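# Coordinates in review
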Amino acid sequence: MNDFKDIGVIVVGGTRNIGLAIAETYINFGAKVFIVGGYSEDNLNKALSHLKALSNNIGGCIADMSDDKNVQMVFKSFEQKYNCNPQILINGQGYRPHKKFLEINSEEFNEVIKRNVLGMFLASQEFFRRCNTTGSIVNIGGLSAHKPAKDRAHVITSKAAIIGLTKALAEEGRNKIKVNCIVPGVIETERSIDQLQASFTDEHNFIKGDTSAISQAVISISDLSNIYLTGQTLHVNGGRWMP
């Protein structure tokens, strides 16, 4: 149970917040970890510096995961560093702009879908191509797809699509590659000014979680010894949403 020693793990969105906590947890379990950031070299370098203090089994790069060639580059970089293919893929990329529904144009809508859904699709596709043994994919979803909030129609649409993608991939990978989704609640993280936390009307009734709550759930659900656990969505939200 939870034996990740020398297991290859790619964490997309692993340079900060939840993704960084996930990468650190895998390192603490002895995994070979490769983190992928979306745009900030500074965030990547800070994350690598932090993680290299824990283990030499860490690498990373910046890549647009909605581009086929960039996705292939990420997997090739992992293979070159570790001389193996990854067995675990964490799709943790997220783009969450706020805008009133009637003001969202088609370009903005498509950008959210591209960054939140297409990137996961292409990364998972490449993982399927390269995984020659038991594997695990964990997609990071969003609470607002289940408990909607205002001014996030494009984001909520993309997060709902992740649930469908998770089920489709679980069927594709049956008996070999398990695919699940973790949906975080309201987590204490650093956010850019244009990607604020969703606002829920009953928020005063609940405490916020921390990133370790999500990383622990990811570790558990990605356990390669339990291939039978697949196609599921796990909510980690302090009771905010209980389907």
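Residues numbered from 1 in each chain as written. Predicted model: local features only at pLDDT ≥ 70, side-chain atom pairs only at ≥ 80, totals over all residues. Heavy atoms only, no water.

One finds Val9, Tyr26, Val33, Ile35, Ile90, Ile182 and Val218 to be the most contacted residues of the largest nonpolar core, which totals 31 residues. The set of elements that each furnish at least two residues to this core consists of strand S1 (8-12), helix H1 (17-28), strand S2 (32-37), helix H2 (41-52), strand S4 (88-91), strand S5 (135-140) and helix H6 (211-221). The element that contributes the greatest number of residues to this core is H1, accounting for 6 residues. Every residue in contact with valine 9, bar those within four places of it in the chain, is listed here: Tyr26, Ala31, Lys32, Val33, Phe34, Phe78, Ile88 and Ile90. Core analysis: the next-biggest nonpolar cluster, separate from the first, contains 29 residues, Val12, Tyr82, Cys131 and Cys181 among them. (Core = buried A, V, L, I, M, F, W, Y, C linked by side-chain atoms within 4.5 Å. Buried < 20%, exposed > 50% of the residue type's maximum accessible area, 1.4 Å probe, protein only. Helix = DSSP H or I, 4+ residues; strand = E, 2+ residues; numbered from the N terminus. Contact = heavy atoms within 4.5 Å.)

Under the criterion given, the structure shown has 0 disulfides. Free cysteine: cysteine 84, not disulfide-bonded; nearest cysteine sulfur from cysteine 131 at 11 Å. Judged by relative accessible area, which is 24%, cysteine 84 ranks as partly exposed. (Disulfide = S-S within 2.5 Å.)

We now examine the environment of isoleucine 137. Counting through the fold element by element, isoleucine 137 comes out in strand S5. Taking the C-alpha atoms as reference points, isoleucine 137 and glutamine 87, separated by 50 residues in sequence, lie 8.4 Å from one another. Those residues in contact with isoleucine 137, other than ones at most four positions away along the chain, are Leu89, Asn91, Ser124, Phe127, Phe128, Ile177, Lys178, Val179 and Asn180.

A few words now on the side chain of asparagine 91. By the secondary structure assignment, asparagine 91 is in strand S4. Only 2.9 Å separates the side chain of asparagine 91 from the side chain of asparagine 139, close enough to count as a polar contact. Aside from chain neighbours lying at most four places away, what touches asparagine 91 is Val12, Met120, Ala123, Ser124, Ile137, Val138, Asn139 and Ile140. (Polar contact = N/O pair within 3.5 Å; in protein donor to acceptor, adjacent residues only side chain to side chain.)

Let us look at helix H4 (residues 106-130). Between its first and last C-alpha atoms H4 spans 34 Å; for 25 residues at 1.5 Å apiece the expected length is 36 Å, and the two agree. Where H4 bends most, at lysine 114, the angle is about 40°. Among all positions in H4, only Val112, Asn116, Val117, Gly119, Met120, Leu122, Ala123, Ser124, Glu126, Phe127 and Arg130 are buried. Capping the start of H4, asparagine 105 holds a side-chain oxygen 3.1 Å from the backbone nitrogen of glutamate 107, two or three residues further along. (Expected span 1.5 Å × (residues − 1). Bend = angle between axes of the 7 residues up to and from the residue.)

Examined against the element boundaries, isoleucine 207 turns out to sit in the loop between strand S6 (177-184) and H6. Judged by its relative accessible area of 73%, isoleucine 207 is exposed. Each C-alpha atom, one on isoleucine 207 and one on glycine 238, is 7.3 Å from the other, the two residues being 31 residues apart in sequence.

In contact at an axis separation of 8 Å, H1 and H6 are set at 50° when each is read in the N-to-C sense. Judged by the inter-axis angle, H1 sits oblique to H6. Considering how the two elements wind past one another, H1 and H6 form a crossing that is right-handed. Where H1 abuts H6, its residues Asn17, Ile18, Ala21, Ile22, Thr25 and Tyr26 lie against Thr211, Ile214, Ser215, Val218 and Ile219. For the contact of H1 with H6, the class distribution of residues is 7 nonpolar, 4 polar and no charged. (Axes fitted to C-alpha atoms, helices over the stretch in contact; angles between N-to-C directions. Parallel < 35°, antiparallel > 145°, perpendicular 65-115°, else oblique. Left-handed = near helix turned anticlockwise from the far one by under 90°. Nonpolar A, V, L, I, M, F, W, Y, C, P; charged D, E, K, R; others polar.)

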